[in-house]
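# Analysis of the macromolecular model
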Amino acid sequence: MPDISKIAVLTSGGDAPGMNPCIRAVVRTAIFNGLEVTGIKQGYKGMIEDDMQDMQRRSVSNILNLGGTILKTARCMEFHTDEGMEKAYQNLKKRGIQALVVIGGDGTFTGALRFSKKYPDIKVIGVPGTIDNDLYGSTYTLGFDTATNTVIDAIDKIRDTADAHDRLFFIEVMGRDSGAIALRAGICCGAEAILLPEKETAIEDLIKGLKGGEYDTKTSSIVIVAEGDKNGGVYDIAQKVKKEVTHYDIKVTILGHLQRGGAPSAFDRILGSRLGFAAVNALIKGESQQMVGLEANVIRLVSLEKALNQKDKFKLEDDLLEMAHVLSI
Ligand SMILES: Nc1ncnc2c1ncn2[C@@H]1O[C@H](COP(=O)(O)OP(=O)(O)O)[C@@H](O)[C@H]1O
Ligand SMILES: O=P(O)(O)OC[C@H]1O[C@](O)(COP(=O)(O)O)[C@@H](O)[C@@H]1O
Ligand SMILES: [Mg+2]
């Protein structure tokens, strides 16, 4: 029999498609194993404000196909403070909650680790849920696959009009510190160039490529710029290029938050289900301060410490970038 009898689940940070299948898996795996389960609203905000509700197996009916998160999410500044954490702790204790499943990204895990070091009687397991795919210890995070497919769908449509008008498009995709979506979308859509936060691109080199030589027989060009690229933003880059590349009519599109919505892909539904199931089973085994991740198609535990501290070691694959360049000539 597990040492715990009541757990809670929350989603925090940017929402990601696949969070709902994961919530469903957490709730049903807990109930199947005789645990009570509470849903916390709006991430750490709900923990501080005691905005929670007990969940039953039917509380999560028909949510597998929904984007967003039925528990809602938030970015909560108060949880950064000791006072905020204490309020959250007292609310959990009052309700008899002994363990948490936190679904979110690096910020969520940083908060969870701090909280669980401060209050080790509350066990914590993290589920990597962010479209940014920027955590060490899981080849894929929840939502990345769906978001990438959404981006591809949008860029394919832009390619149609770019080609019809012989235009050059600069398209900004999400990723504050991560070029994961940009790189994959660049390969899938045959982008002529991909600008990423992880790798500097000199504007002069970009201009050289677009001006003539490599791409001069193309009727349209797409340059994908990840949000976090260090060249000063997509409008600025387009402006600089416009001065030098005169044979193209240049347009800019920022895809924005449409990238975060939509029904989760098959991959994200399965990943969310597997990670949620594994998270509860880890809590039952007495684990804490761990993340459940997918490596080589196997679900493994990795310490939250490692998932966060080795985050910078998670590099984008250079071979993919090189391949994207070769295949776009
Ligand atoms: N250093 C920290 N201490 C406590 N809580 C934190 C810390 N960093 C982030 N958090 C909490 O986690 C939430 C989600 O983090 P954020 O970076 O916005 O998204 P994500 O988890 O998707 O990376 C924050 O709004 C905050 O409540
Ligand atoms: O929706 P917001 O709060 O404007 O945040 C936008 C950011 O959220 C993301 O979509 C996801 O990031 P997180 O997982 O860290 O929340 C980033 O790609 C983007 O920079
Ligand atoms: Mg993050």
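Residues numbered from 1 in each chain as written. Chains lettered and ligands numbered in written order. Predicted model: local features only at pLDDT ≥ 70, side-chain atom pairs only at ≥ 80, totals over all residues.

### Some remarks on the confidence of the model for the protein
Of the residues in the protein, 97% have a pLDDT of 70 or more, and the chain-wide mean is 95. The ipTM for the predicted assembly is 0.98, set against a pTM of 0.96. (pLDDT = per-residue confidence, 0-100.)

### Considering the packing of helix 7 (residues 203–211) against helix 8 (residues 234–244)
In a packed pair of helices, the relevant descriptors are the angle between the two axes and the axis-to-axis distance. Between helix 7 and helix 8, the least distance of the axes is 10 Å, while the angle of their chain directions is 50°. Compared by their axis directions, helix 7 and helix 8 come out oblique. For helix 7 against helix 8, the interelement crossing comes out right-handed. Across the interface between the two elements, Ile203, Leu206, Ile207, Leu210 and Lys211 from helix 7 touch Ile237, Lys240, Val241 and Glu244 from helix 8. Of the residues assigned to the contact of helix 7 with helix 8, the class counts are six nonpolar, no polar and three charged. (Axes fitted to C-alpha atoms, helices over the stretch in contact; angles between N-to-C directions. Helix = DSSP H or I, 4+ residues; strand = E, 2+ residues; numbered from the N terminus. Parallel < 35°, antiparallel > 145°, perpendicular 65-115°, else oblique. Left-handed = near helix turned anticlockwise from the far one by under 90°. Contact = placed C-beta atoms within 7 Å. Nonpolar A, V, L, I, M, F, W, Y, C, P; charged D, E, K, R; others polar.)

### Description of the site of ligand 1
The environment of ligand 1 is formed by 17 residues, the closest being Gly13, Gly105, Gly107, Thr108 and Gly111. The greatest single-element share of the shell around ligand 1, amounting to six residues, is contributed by helix 4 (residues 106–118). Looking at the shell around ligand 1, its residues break down into three nonpolar, 11 polar and three charged. (Near = placed C-beta within 6 Å.)

### Topic: the site of ligand 2
Taken together, Gly13, Gly14, Gly105, Gly107, Thr130, Ile131, Asp132, Met174, Gly175, Arg176, Glu227 and Arg260 are the residues near ligand 2. Split by residue class, the shell around ligand 2 holds two nonpolar, six polar and four charged.

### Some points on the UniProt feature "binding site: ADP" (unreviewed entry) in the protein
Listed under "binding site: ADP" (unreviewed entry) in the UniProt record, and renumbered for this structure, are Arg24, Ala25, Val26, Val27, Arg28, Arg159, Gly190, Ala191, Glu192, Lys218, Thr219 and Ser220. Across 197 residues, the annotated set is spatially dispersed, with a maximum C-alpha separation of 53.1 Å. Along the chain, Arg24 turns up in helix 1 (residues 19–32). By the C-beta count within 10 Å, which is 25 here, Arg24 ends up buried. The residues touching Arg24, leaving out its near neighbours within four places in the chain, are Val60, Ile63 and Leu64. As for its placement among the helices and strands, Thr219 is situated in the loop between helix 7 and strand 8 (221–226). Assessed through the 11 C-beta atoms surrounding it within 10 Å, Thr219 is described here as exposed. (UniProt positions renumbered as here; feature names shortened; annotations may be inferred. Buried ≥ 20, exposed ≤ 12 C-beta atoms within 10 Å, placed from the backbone.)

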